[in-house]
Amino acid sequence: MHLRLIVPPDRTELVVDSLVADERTTNIVVLPGAAKRPAGDVVHCDVTREATSDILERLKHQGLYDHGAVSLSTVDASPSRNARETEQAAPGAPDDAVVWDAVVDQGYAEARGSWAFYAFLTLATMIAAVAVVTDSAILVVGAMVVGPEFGVVAALALGLALGRARLSSQALVLLAKGFLLAIVLTMLAAVLARAVGWIDTGDVNAARPLTGFIWRPDKWSAVVAVLAGCAGVLSQTAGRSNALVGVFISVTTVPAAGDLALSIALWAPHQIGGSAAQLAINLAGMTVAGVATLLLQRILWRWLINRRSPSEPAEAILPAHRT
C-alpha cells in the first residue's frame, strides 16, 4: 500500500524516524514544505498490507489525522528487491490483512448515497421488469450486474459488526429509499406500458421457466444470499474488488424488486408476496453473512496476536481493540 502524508513540520522528524525504523515500510521520500493545504511536509512511503492498519493507528496517535492528512492507495506492482524484503518482514499474507480505516471510509462513502446510486438501482430494476415480461435469463443477469446495492449492504454489515450506529442507520435508510424509489418508478413505467398496449397481466401470469424463480424463494435463496454476502465482504476487505462481479450476478435482489413492481402495477397478487420475500431474504442473508464475516476476521486477528512469536514486534499485528 502507498501512503501519502502531510505532516506538520514540528512532527516530521518523529513520523519519519518511526517509519524508517519499521522494517515493514520502504520507499520513504520526504518533501519539506511541499504541502500548502494543509501546510506541512509531504512524506511518501510504501507499506506492506499486513502492517497498514497498525501504521495508520500509529499515525493517528501522532496527530496526523487531526493536524495533517493521510491518503492511502494500492500499489499494483513493486518488483524491486527492497519491496520483496519489506514484504517478508511482515507476518501473514496480504489478502488476510484488513485495512480497517480504508474499509470504514469506503463504508461511509457507500452509505452517503448519490443520484448515481438511485439512477443505477432504478435502471437495474426496470431491466429486471423487462426480463420478467420477456422471460429472459440474460436480462436478469444484466439487471444483477447493473444494480449497485451490494456496497450499501456491506456498509450496513460493517456498521453492525463494528458498532457504528450512524453508519448502519445511514445504510439502512439508503437501501429503503433506493428500493422504494426504484420500485415506484418501475411501477409507473409498467402502468404506462400497459396503457399503450405493450404489456398486460398475462405477461406476468404466463409460464416463465427461466425467470419464475424470482418470485418463488426457497431454502437455496437463503443459502446463496449468505454465500454471496460472505464472498462480497471478503472481497472488499481483501481488496479483491474484481470478485464483486460474481456476487452481483448471484443475488436476486434487483430482479425481485423488478418482479414486485411489475406484479403490483399489473396486479398479480399471487406473485407480490413471493417477490417481496425473495428481496427480503437476499438482503437479510447478505447482511447477516457480512456481519459474521467481519466478526470472524476480528477473531482471526486475535488468534494471530496470540500465535505471534516473541521475536516479532508488538506492533506487527493490529490489536483487536483497535478494530
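Residues numbered from 1 in each chain as written. Predicted model: local features only at pLDDT ≥ 70, side-chain atom pairs only at ≥ 80, totals over all residues. Heavy atoms only, no water.

What to know about the nonpolar core
Generally speaking, soluble globular proteins have nonpolar side chains that are buried together.
Now for step 1: Core analysis: the largest hydrophobic core is formed by 55 residues, its most contacted members being Leu 158, Phe 179 and Leu 262.
Now for step 2: Only helix H5 (100–112), helix H6 (115–134), helix H7 (137–146), helix H8 (149–162), helix H9 (165–195), helix H11 (219–237), helix H13 (253–265) and helix H14 (269–307) provide two or more residues apiece to this core.
Now for step 3: For this core, the leading source of residues is H8, giving ten residues.
Now for step 4: Aside from chain neighbours lying at most four places away, what touches Leu 262 is Ala 129, Val 132, Val 133, Ala 190, Ile 199, Val 204 and Trp 267. (Core = buried A, V, L, I, M, F, W, Y, C linked by side-chain atoms within 4.5 Å. Buried < 20%, exposed > 50% of the residue type's maximum accessible area, 1.4 Å probe, protein only. Helix = DSSP H or I, 4+ residues; strand = E, 2+ residues; numbered from the N terminus. Contact = heavy atoms within 4.5 Å.)

A look at H11
Now for step 1: In this model H11 runs 28 Å from its N-terminal to its C-terminal C-alpha over 19 residues, within 8% of the 27 Å that 1.5 Å per residue would give.
Now for step 2: What H11 keeps buried is the set Ser 221, Ala 225, Ala 228, Gly 229, Gly 232, Val 233, Ser 235, Gln 236 and Thr 237.
Now for step 3: N-capping of H11 is provided by Asp 218, with a side-chain oxygen placed 3.0 Å from the backbone N of Trp 220.
Now for step 4: The first or second residue beyond H11 is Gly 239, which carries a positive phi of 75°. (Expected span 1.5 Å × (residues − 1). Polar contact = N/O pair within 3.5 Å; in protein donor to acceptor, adjacent residues only side chain to side chain.)

What about the pattern of salt bridges?
Now for step 1: In the structure shown here, the tally under the stated rule is six salt bridges.
Now for step 2: A salt bridge links Glu 57 to Lys 60; the shortest N-O distance between them is 3.9 Å. Of this pair, Glu 57 and Lys 60 both sit in helix H2 (residues 49–61), three residues apart, which is roughly one turn of that helix.
Now for step 3: A salt bridge links Arg 81 to Glu 85; its shortest N-O distance comes to 3.1 Å. Note that Arg 81 and Glu 85 are positioned in helix H4 (residues 81–88) at a spacing of four residues, about one turn of the helix. (Salt bridge = Lys/Arg side-chain N within 4 Å of Asp/Glu carboxyl O.)

Some words on the packing of aromatic side chains
The description of an aromatic ring pair rests on the distance of the ring centres and on the angle between the ring planes.
Now for step 1: Across all of its chains, the model carries one aromatic pair by this definition.
Now for step 2: Between Phe 117 and Tyr 118, the aromatic rings sit 5.6 Å apart at their centres with planes inclined by 75°, giving edge-to-face as the arrangement.
Now for step 3: The cationic tip of Arg 216 hangs over the ring face of Trp 215; the distance from NZ or CZ to the ring centre is 5.1 Å. (Phe/Tyr/Trp six-rings, centres within 6.5 Å; stacked < 30°, edge-to-face > 60°. Lys NZ or Arg CZ within 6 Å of the ring centre and 35° of its normal.)

Observations concerning H13
Now for step 1: Given a rise of 1.5 Å per residue, 13 residues ought to cover 18 Å, and the 19 Å separating the end C-alpha atoms of H13 matches this to within 8%.
Now for step 2: Counting buried positions over the 13 residues of H13 gives twelve, a clear majority of the element.
Now for step 3: Once H13 ends, the next one or two residues include Trp 267, with phi positive near 55°.

A look at the environment of Asp 105
Now for step 1: The residue Asp 105 is located in helix H5 in this model.
Now for step 2: With a relative accessible area of 55%, Asp 105 lands in the exposed category.
Now for step 3: For the pair Asp 105 and Pro 32, spaced 73 residues apart in sequence, the C-alpha separation works out to 28 Å.

Re the environment of Leu 181
Now for step 1: Position of Leu 181 relative to the elements: it lies in helix H9.
Now for step 2: You can call Leu 181 partly exposed: its relative accessible area is 35%.
Now for step 3: Sequence-distant contacts of Leu 181, defined by excluding residues within four places in its chain, comprise Tyr 118 and Thr 122.

A short note on the sheet that holds strand E2 (residues 25–36)
Now for step 1: Across the sheet, which stays open at both edges, the four strands sit in the order E2-E3-E1-E4 with antiparallel pairing between neighbours. Each edge of the sheet is formed by a strand with only one pairing partner; in this case those strands are E2 and strand E4 (69–73). Taken pair by pair, the neighbouring strands of this sheet meet at an average axis angle of 15°, ignoring direction. (Pairing = 2+ DSSP bridges. Axes fitted to C-alpha atoms, helices over the stretch in contact; angles between N-to-C directions.)

Some thoughts on the packing of H5 against H9
Now for step 1: Relative orientation of the contacting elements H5 and H9 amounts to 35°, with a least axis distance of 8 Å. In this structure, H5 crosses over H9, and the sense of that crossing is left-handed. Along the contact surface, H5 presents Gly 107, Tyr 108, Glu 110, Ala 111 and Arg 112, while H9 presents Leu 167, Gln 170, Ala 171 and Leu 174.
Now for step 2: When the residues that make up the contact of H5 with H9 are grouped by side-chain class, the tally is five nonpolar, two polar and two charged. (Left-handed = near helix turned anticlockwise from the far one by under 90°. Nonpolar A, V, L, I, M, F, W, Y, C, P; charged D, E, K, R; others polar.)

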